[in-house]
Amino acid sequence: MNKLRTHESQRQLRHLLMEWDPIGVAGASEAADEYDCMISPLMHQLHDGAKERAIRRWIVGEVEGHFGTHSDPRREAQLAADVVKWWAVRSKEP
């Protein structure tokens, strides 16, 4: 049961990341896993109680360091807010 829940959480988080799409690949089916490298670290941070500000800083670091592009403060702040909000709901689901 826990494994299924984890997979569903990962699927939902992947969806949020593809909507965010800072490098513009969401329309390409071959890039469906482009942001999967962010899923596990985000899940661990959320599970450990990371706050929105820390999540935002981490996302900015990924955009600039890993993906090699400029961050957009509003875009990254919105993703952090969306992820924290999603987690607040998801973590209470049975």
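Just so it is clear, the model here is predicted, and its values are computed rather than measured.

Quick notes on the rules
Residues numbered from 1 in each chain as written. Predicted model: local features only at pLDDT ≥ 70, side-chain atom pairs only at ≥ 80, totals over all residues. Heavy atoms only, no water. Helix = DSSP H or I, 4+ residues; strand = E, 2+ residues; numbered from the N terminus. Expected span 1.5 Å × (residues − 1). Buried < 20%, exposed > 50% of the residue type's maximum accessible area, 1.4 Å probe, protein only. Contact = heavy atoms within 4.5 Å. Phe/Tyr/Trp six-rings, centres within 6.5 Å; stacked < 30°, edge-to-face > 60°. Polar contact = N/O pair within 3.5 Å; in protein donor to acceptor, adjacent residues only side chain to side chain. Axes fitted to C-alpha atoms, helices over the stretch in contact; angles between N-to-C directions. Parallel < 35°, antiparallel > 145°, perpendicular 65-115°, else oblique. Left-handed = near helix turned anticlockwise from the far one by under 90°. Nonpolar A, V, L, I, M, F, W, Y, C, P; charged D, E, K, R; others polar.

A. Seen up close, helix α1 (residues 2-20). Its 19 residues place the ends of α1 27 Å apart at the C-alpha level, agreeing with the 27 Å of an ideal helix rising 1.5 Å per residue. Those residues of α1 that fall on the buried side of the exposure criterion are Ser9, Gln12, Leu13, Leu16, Leu17, Met18 and Trp20. As for α1, its buried residues are in contact with α2 (39-47), α3 (52-66) and α4 (73-90). At the C-terminal side of α1, aspartate 21 shows a positive phi close to 45 degrees.

B. Structural view of the packing of aromatic side chains. Per the stated rule, a full pass over the model turns up three aromatic pairs. Judged by centre distance (5.5 Å) and plane angle (55 degrees), the rings of tryptophan 20 and tyrosine 35 are tilted. Of the two residues, tryptophan 20 sits in helix α1 while tyrosine 35 sits in the loop between α1 and α2, which places them 15 residues apart along the sequence. Taking the relative accessible area as the measure of exposure, tryptophan 20 reaches 10% and is therefore buried. For the ring pair tryptophan 86 and tryptophan 87, a centre distance of 5.8 Å and an interplane angle of 55 degrees mean the geometry is tilted. A single burial state applies to tryptophan 86 and to tryptophan 87, both of which are buried.

C. Focus on the side chain of glutamate 76. Along the chain, glutamate 76 falls in helix α4. From its side chain, glutamate 76 meets the backbone nitrogen of aspartate 72 in a polar contact 2.6 Å long. If sequence neighbours within four positions are ignored, glutamate 76 has contacts with Trp20, Arg56, Ile59, Val60, Val63 and Ser71.

D. Structural detail: the packing of α1 against α2. Close contact between α1 and α2 brings their axes to 10 Å; oriented N to C, the two are set at 110 degrees. As summarised for this structure, α1 and α2 are arranged roughly perpendicular, according to the angle between their axes. The two elements α1 and α2 meet at a crossing, and its hand is right-handed. For the pair α1 and α2, the contacting residues are Ser9, Gln10, Leu13, Arg14 and Leu17 in the first and Ile39, Leu42 and Met43 in the second. Among the residues forming the contact of α1 with α2, the class breakdown is five nonpolar, two polar and one charged.

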